[in-house]
Amino acid sequence: MEFEESSIGEECGVFGCVAAGEWPTQLDVAQVLTLGLVALQHRGQECGGIVTSDGASPPTYTTHKGMGLVSTAFPPKALTKLHYGNLGICHTRYSTTGISELQNCQPFVVDTLHGKIAVAHNGELVNAHALRKKVMRHGVGLSTSSDSELITQLLALTPPMEELDSPDWVARIKNLMTETPTSYSLLVMFKDVIYAVRDPYGNRPLCIGQLVPISKLHSPGAQEEDTEGWVVSSESCSFQSIGAKYYREVLPGEIVQISRHGVTSLSVVPRPEGGLPAFCIFEYMVYTVRQRCGRQLAVESPTDADIVSTVPESATPAALGYAQQVCPQTFIQPNTRLRQLGVAKKFGALTDNFAGKRVVLIDDSIVRGNTISPIIKLLKEAGAKEVHIRVASPPVRFPCYMGINIPTKEELIANKPEFEDIAGYIGVYFRMRVIVLGVFVLFFLLDVMVIKTKHDKLSSAGDTTRRRFVNQAAECNAVLCNKNCEKARQ
């Protein structure tokens, strides 16, 4: 039985580290970088790369790249050569442009007029095709199919007002922001500093952490003298495993310099025409938010059920939230061993739990619509009495051009006539009701709801009730409503 990946693909992950104090450092920068990549592994599993530098003038860069997971790509022997760095950046890749080959693995290292730079990029340039032509007109050859190489080459170009003997990296980065508005979070390593950059729309996350002694990790207000180093990461979830405290977020359009002396904000580039930020809506979907979506789904679409289960694995938090709201103690979650097996084995092993039961099956999204059908067949064969499908997001109707692996518009089930009878399309032969409920309830730090799209109902009985409330908010939800997405590509 074939199963296609149901969840929407993750983004790449970037991570950097600068040792504080005197150099050569006692901090194992290579180990910090590796652990940071492991913590960001969910953002990309195709390949990874690490570049370290001694920070000298001129610096010595040491690079290692490998295909696969971090544990495969970075064996102990490979890490040995990286151990002499005082700073470094790294990247774990999930490709949205470019083929999955080692040549597309980041960070990219290139020679510039003022020395080598290393660049790691998370995101996807909306105008990459036009930029490739522009770079090539300058006589610059491109060795990869990755749009991240375009960023590296654009940074290598000398801006008009730069002095010949003094590189102005703020001017170069601003020039890049002028050339391409979004989508990127960048780490640029040059000599003894790392520049952390977010595009003016803040489409991809980037945050800074402070490395402190373990004894100070959970104490409030770590002092400057306690700092062992600085880290910068796509997600703060990587800080805990390396002994870092969350310091602050890199703001949309901000250029931050990170050195052994500390963190300095150099500039903030405004958005064109004063537009709103466009933080990717999928970046909001951390565990707690997914769980809240499940609870809201239960409030808006309750049903009598004996069991609540999940389409593994990204829908698990939403399913748990749904179960807690409507029928505590009935949630069925496969154990760790079963998660590592195929979908059929996960559900097949739980056959006794489904026989004669009314089942609510929670999925986090419907993309192509061809994944859930085999699972429903398994539930039917297991003897389920009823199956009710709940989907904890609005229908995905448009592709993403900024770093999320979403198919073409024609492939998306929400755009096909079959969507009006989704239950029949996925091959249900017994009692079933499908609810596709728009419940992207997004929370800022103070749990402020910034967007709520509710009540997109579809059922096998043809019951269609649609009420949509979309508040103006600072996020990119183009895959749901296509606002500004095509305009940004032009």
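This write-up is about the structure you can find in this document. Bear in mind the structure is a predicted one, so any value in this text is a computation, not a measurement.

**Things to note about the nonpolar core**
Inference 1: Ranked by size, the top nonpolar core spans 43 residues in total, and within it Leu 187 and Val 231 carry the most contacts.
Inference 2: For Leu 187, the contacting residues outside a window of four places in its chain are Val 14, Phe 15, Gly 16, Ile 89, Ala 118, Val 119, Ala 120, Ile 194, Tyr 195, Ala 196, Leu 206 and Val 232.
Inference 3: One finds Ile 151, Ile 173, Leu 176 and Tyr 195 within the second-largest nonpolar core, a separate group that totals 26 residues.

**Some thoughts on the sheet that holds strand S9 (residues 207-211)**
Inference 1: As summarised here, the arrangement of the seven strands in space is S3-S2-S4-S1-S10-S9-S11, forming an open sheet in which the pairing is antiparallel. At either end of the open sheet lies a strand with only one pairing partner, and these are strand S3 (61-67) and strand S11 (244-249). Sheet twist, expressed as the mean angle between neighbouring strand axes with direction ignored, is 15 degrees.
Inference 2: Bridge count between strand S2 (residues 47-53) and S3: seven bridges; the pairing is antiparallel. By the bridge assignment, Thr 52 is partnered in S3 with Thr 62.

**Here we look at the pattern of salt bridges**
Inference 1: Within the structure shown, the criterion is met by nine salt bridges.
Inference 2: A salt bridge links Arg 43 to Glu 235; its shortest N-O distance comes to 2.6 Å. Taken together, the residues span a long stretch of sequence, with Arg 43 in the loop between helix H1 (29-39) and S2 and Glu 235 in the loop between strand S10 (229-233) and S11 at a distance of 192 residues. Across the pair, Glu 235 and Arg 43 agree in class, each one buried.
Inference 3: Residues Glu 46 and Arg 93 are paired through a salt bridge, measuring 3.5 Å at the closest nitrogen-oxygen approach. Taken as a pair, Glu 46 in the loop between H1 and S2 and Arg 93 in strand S4 (residues 87-93) lie far apart in primary sequence, 47 residues in all.
Inference 4: Assessed through its relative accessible area of 22%, Glu 46 is described here as partly exposed.

**A short note on the packing of helix H5 (residues 147-156) against helix H6 (residues 169-179)**
Inference 1: Running from N to C, H5 and H6 cross one another at 130 degrees; their axes reach a closest spacing of 9 Å. Between H5 and H6, the angle is such that the two are oblique. The hand of the H5/H6 crossing is right-handed. Listed contacts from H6 to Ile 151, Leu 154, Leu 155 and Ala 156 of H5 are Trp 169, Arg 172, Ile 173, Leu 176 and Glu 179.
Inference 2: When grouped by side-chain class, the residues that make up the contact of H5 with H6 number seven nonpolar, no polar and two charged.

**What about the state of the cysteines?**
Inference 1: Per the counting criterion, the structure on display carries zero disulfides.
Inference 2: Cys 47 supplies the cysteine sulfur nearest to Cys 12, a cysteine that is in no disulfide, at a spacing of 8.2 Å.

**Details of the packing of helix H4 (residues 128-137) against H5**
Inference 1: Packing of H4 against H5 leaves a shortest axis separation of 10 Å and a crossing angle of 45 degrees. Accordingly, the angle class assigned to the pair H4 and H5 is oblique. Judged by the twist between their axes, the crossing of H4 over H5 is left-handed. Between H4 and H5, the contacting residues are Ala 128, Leu 131, Arg 132 and Val 135 on the first element and Asp 147, Leu 150, Gln 153 and Leu 154 on the second.
Inference 2: For the contact of H4 with H5, the per-class residue count stands at five nonpolar, one polar and two charged.

**Some thoughts on the packing of aromatic side chains**
Inference 1: Overall, the coordinates contain two aromatic pairs when judged by the stated rule.
Inference 2: Seen in terms of ring centroids, Trp 169 and Phe 190 are 5.0 Å apart; in terms of plane orientation they differ by 50 degrees. Their pairing is tilted. Within this pair, whereas Trp 169 is found in helix H6, its partner Phe 190 is found in strand S7 (residues 185-190), the two being separated by 21 residues in sequence.
Inference 3: Relative accessible area serves as the criterion here: at 6%, Phe 190 is assigned to the buried category.
Inference 4: On the numbers, 4.9 Å between centres and 70 degrees between planes, the contact of Trp 230 with Tyr 247 is edge-to-face. With a gap of 17 residues between them, Trp 230 in strand S10 and Tyr 247 in strand S11 connect regions that are remote in the sequence.
Inference 5: A residue is classified by how much of its surface remains accessible, and Trp 230, at 8% relative accessible area, is buried.
Inference 6: Overall, Tyr 247 belongs to the partly exposed group, its relative accessible area being 39%.

**Some words on the side chain of Ser 365**
Inference 1: Note that Ser 365 resides in the loop between strand S16 (358-363) and helix H12 (372-381).
Inference 2: For Ser 365, a relative accessible area of 6% gives the class buried.

**What about the sheet that holds S7?**
Inference 1: Read from one edge of the open sheet, six strands run S5-S6-S7-S8-S12-S13, paired in antiparallel fashion. The open sheet is flanked by strand S5 (108-112) and strand S13 (262-268), the only strands paired with a single partner. Neighbour to neighbour, the strand axes of the sheet diverge by 25 degrees on average, direction disregarded.
Inference 2: Across six bridges, the pairing between strand S12 (residues 254-259) and S13 is antiparallel. From the neighbouring strand, Ser 259 faces S13, where its bridge partner is Gly 262.
Inference 3: Running at roughly 145 degrees to strand S6 (residues 115-122), H5 makes contact with S5, S6 and S7 of the sheet.
Inference 4: Against the sheet, H6 contacts S5, S6, S7, strand S8 (193-198), S12 and S13, and its axis sits at roughly 25 degrees relative to S8.

**Digging into the environment of Thr 303**
Inference 1: On the secondary structure map, Thr 303 appears in the loop between helix H7 (287-300) and strand S15 (307-310).
Inference 2: On the accessibility criterion, Thr 303 (22% relative accessible area) is partly exposed.
Inference 3: Beyond its immediate sequence surroundings of up to four residues, Thr 303 is in contact with Tyr 322, Val 360, His 388 and Arg 390.

**Structural notes on the pairing of S4**
Inference 1: Counting buried residues in S4 gives seven out of seven residues, a clear majority hidden from the surface.
Inference 2: Across the two faces of S4 the burial is the same, with Leu 87, Ile 89, His 91 and Arg 93 and Gly 88, Cys 90 and Thr 92 all buried.
Inference 3: Across six bridges, the pairing between strand S1 (residues 13-19) and S4 is antiparallel. Bridge assignment links Gly 16 to a residue of S4, and that residue is Ile 89.
Inference 4: Looking at chain direction, S2 and S4 are connected through seven bridges and run antiparallel. Counterpart to Gly 49 in the pairing with S4 is His 91.

Conventions adopted
Residues numbered from 1 in each chain as written. Predicted model: local features only at pLDDT ≥ 70, side-chain atom pairs only at ≥ 80, totals over all residues. Heavy atoms only, no water. Core = buried A, V, L, I, M, F, W, Y, C linked by side-chain atoms within 4.5 Å. Buried < 20%, exposed > 50% of the residue type's maximum accessible area, 1.4 Å probe, protein only. Contact = heavy atoms within 4.5 Å. Pairing = 2+ DSSP bridges. Helix = DSSP H or I, 4+ residues; strand = E, 2+ residues; numbered from the N terminus. Axes fitted to C-alpha atoms, helices over the stretch in contact; angles between N-to-C directions. Salt bridge = Lys/Arg side-chain N within 4 Å of Asp/Glu carboxyl O. Parallel < 35°, antiparallel > 145°, perpendicular 65-115°, else oblique. Left-handed = near helix turned anticlockwise from the far one by under 90°. Nonpolar A, V, L, I, M, F, W, Y, C, P; charged D, E, K, R; others polar. Disulfide = S-S within 2.5 Å. Phe/Tyr/Trp six-rings, centres within 6.5 Å; stacked < 30°, edge-to-face > 60°.

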